[in-house]
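# Breakdown of the fold
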Amino acid sequence: MILYKLKISVLIFFFILFSGCQSPLDVIETDIDPRLIGEWYKVDVSPMAFPGPESVYSGWSIAADGSMHPLGVEGSTGEITLIETQYISEIQHTSDGVMIVEHRAHPILTIDSVEYRIRDGELILQGEFIRGTYRKTKEGRKVASPVASYLNVTIDGSETENIEITNRVPSAYISKLSGTRLRLRAEMAWQRISIAIDNFEGRGTYIIGKEQGSYSAFGTDWLGVAELTDADSSGTITIDNCDMTVLRCSGSFEFVMRKHVSEYNQNSARHLTDGMFDVPIYR
């Protein structure tokens, strides 16, 4: 009788263990300092070799599972928000003021041992790849002045536009290099273009000549060799309005360039068509 009751007790124990609302296998354990969870950002001033936006916004939204989703700024609002990316770092664990961070960026995976301190709403990091002082924030908080910037272009039949959320805003603008020389610059998703305007005199159409138009592709850890226009008349850029008082410029463009030929890319010409822009001017 005693043996029978013992068997029943064992069966009841395993029934409760495996049929309850949550089994031990369902419990997710993390080894992350809870003080790290939330949004952190910093602003660096990075002077450029030409007139343009100098403030660089960076940081992460750190989740309870240790994932570190990068933050940027939305140009039209100046608000902190998540950057669309598949490359998300991850904190493996934290201990005694050190966090072990796994950086995922094609084609390598890197482990970084980062010392950290948290005080008065600041996160101080000292690692090989990530370092600096970051302030606690929240998604949607305004940290920069809004800057309206728009550029749209079709590249080899695929329509694209300048990215809205980035670390340096705006992502499309004109640099005034001198009284008669401008350069239009824009960053799209994994692509960059620029167009030089020489002998600028205001509204009108200008020839895009040899090496005045450029295109390059890039990733998280690489930058393709820039492709340059190679003909004296590779295309045109038309300035519809350029106001040096309010510092804005708008117009349209199109041009063709020779692109690098490889086993994956057999077409020798790259066509940029139906380009339109309305961007700020930096001088």
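Remember, it's a predicted structure, so these values are computed and weren't measured experimentally. (Residues numbered from 1 in each chain as written. Predicted model: local features only at pLDDT ≥ 70, side-chain atom pairs only at ≥ 80, totals over all residues. Heavy atoms only, no water.)

All right, on to a negative patch on the surface then. A grouping of Glu159, Glu161, Glu164, Glu254 and Asp274 is seen on the molecular surface, where their side chains present a negatively charged patch. Inspection of the secondary structure assignment puts Asp274 in strand S21 (residues 269–282). (Patch = residues over 30% accessible without salt bridge, like charges linked within 9 Å, V, L, I, M, F, W, Y side chains within 5 Å. Areas by Shrake-Rupley, 256 points an atom, 1.4 Å probe, with all protein chains shown as cover. Salt bridge = Lys/Arg side-chain N within 4 Å of Asp/Glu carboxyl O. Lys, Arg positive; Asp, Glu negative; His and termini not counted. Charge placed at Lys NZ, Arg CZ, Asp CG, Glu CD. Helix = DSSP H or I, 4+ residues; strand = E, 2+ residues; numbered from the N terminus.)

Right, let's get into the pattern of salt bridges. Here the idea is simple: oppositely charged side chains can pair when their charged atoms come close. By the definition in use, this model includes nine salt bridges. Of the charged contacts, one joins Arg181 and Asp198 as a salt bridge, the two residues approaching to 2.5 Å between their closest N and O atoms. Of the two residues, Arg181 sits in strand S14 (residues 181–188) while Asp198 sits in the loop between strand S15 (191–197) and strand S16 (204–208), which places them 17 residues apart along the sequence. The class of Arg181 is partly exposed, set by a relative accessible area of 30%. Classification of Asp198 by relative accessible area gives partly exposed; the value is 28%. Measuring nitrogen to oxygen at the nearest pair gives 3.8 Å for the salt bridge that ties Arg192 to Glu187. Several salt bridges converge on common partners, so that one network encompasses Asp156, Glu227 and Arg270. (Buried < 20%, exposed > 50% of the residue type's maximum accessible area, 1.4 Å probe, protein only.)

This next bit is on the pairing of strand S10 (residues 150–155). Counting buried residues along S10, five of its six residues qualify, which places the element largely inside the surrounding structure. The pairing of S10 with S21 spans five bridges and is classified as antiparallel. Considered in S21, the bridge of Ile155 is made with Leu272. Alignment of S10 against strand S11 (residues 158–161), held across four bridges, turns out to be antiparallel. Each bridged residue has a counterpart across the sheet, and for Ile155 the counterpart in S11 is Ser158. (Pairing = 2+ DSSP bridges.)

Looking now at the state of the cysteines. Note on terminology: disulfide describes a covalent bond linking the sulfur atoms of two cysteines. As enumerated under the stated definition, the model contains zero disulfides in all. No disulfide involves Cys242; its nearest neighbouring cysteine sulfur is the one of Cys249, lying 3.1 Å away. Taking relative accessible area as the criterion, Cys249 reaches 1% and is therefore assigned buried. (Disulfide = S-S within 2.5 Å.)

Going from Val169 to Pro170, the amide bond is cis rather than trans, its omega being 5°. When you line up the elements, Pro170 lands in the loop between strand S12 (165–166) and strand S13 (172–178). Of note, Asp96 is a non-glycine position whose phi angle comes to about 50°, a positive value. Positionally, Asp96 belongs in the loop between strand S5 (89–95) and strand S6 (98–105). The exposure class of Asp96 is exposed, given its relative accessible area of 78%. The residue Asp156 is not glycine, and still its phi comes out positive at about 50°. With respect to the secondary-structure elements, Asp156 resides in the loop between S10 and S11.

Before going further, it helps to examine the environment of Leu182. Looking at the secondary structure, you find Leu182 in strand S14. On the basis of relative accessible area, Leu182 is assigned to the buried category, the value being 0%. When the C-alpha atoms of Leu182 and Phe200 are compared, they prove to be 7.1 Å apart, with 18 residues separating the residues in sequence. Here Leu182 is in contact with Ile174, Ser175, Lys176, Ile195, Ala196, Ile197, Phe200, Cys242 and Met244, once residues within four sequence places are set aside. (Contact = heavy atoms within 4.5 Å.)

Before going further, it helps to examine the nonpolar core. By size, the foremost hydrophobic cluster in this structure holds 27 residues, and its most contacted members are Leu151, Leu184, Ile237, Phe253 and Phe277. Secondary-structure elements contributing two or more residues to this core are S10, S13, S14, S15, S16, strand S19 (235–243), strand S20 (248–258) and S21. For Phe277, the residues in contact, after removing those within four places along its chain, are Tyr150, Leu151, Ile174, Leu184, Ile237, Thr238, Ile239, Cys249, Ser250, Gly251, Ser252 and Phe253. One finds Ile32, Leu123, Leu125 and Tyr134 within the second-largest nonpolar core, a separate group that totals 15 residues. (Core = buried A, V, L, I, M, F, W, Y, C linked by side-chain atoms within 4.5 Å.)

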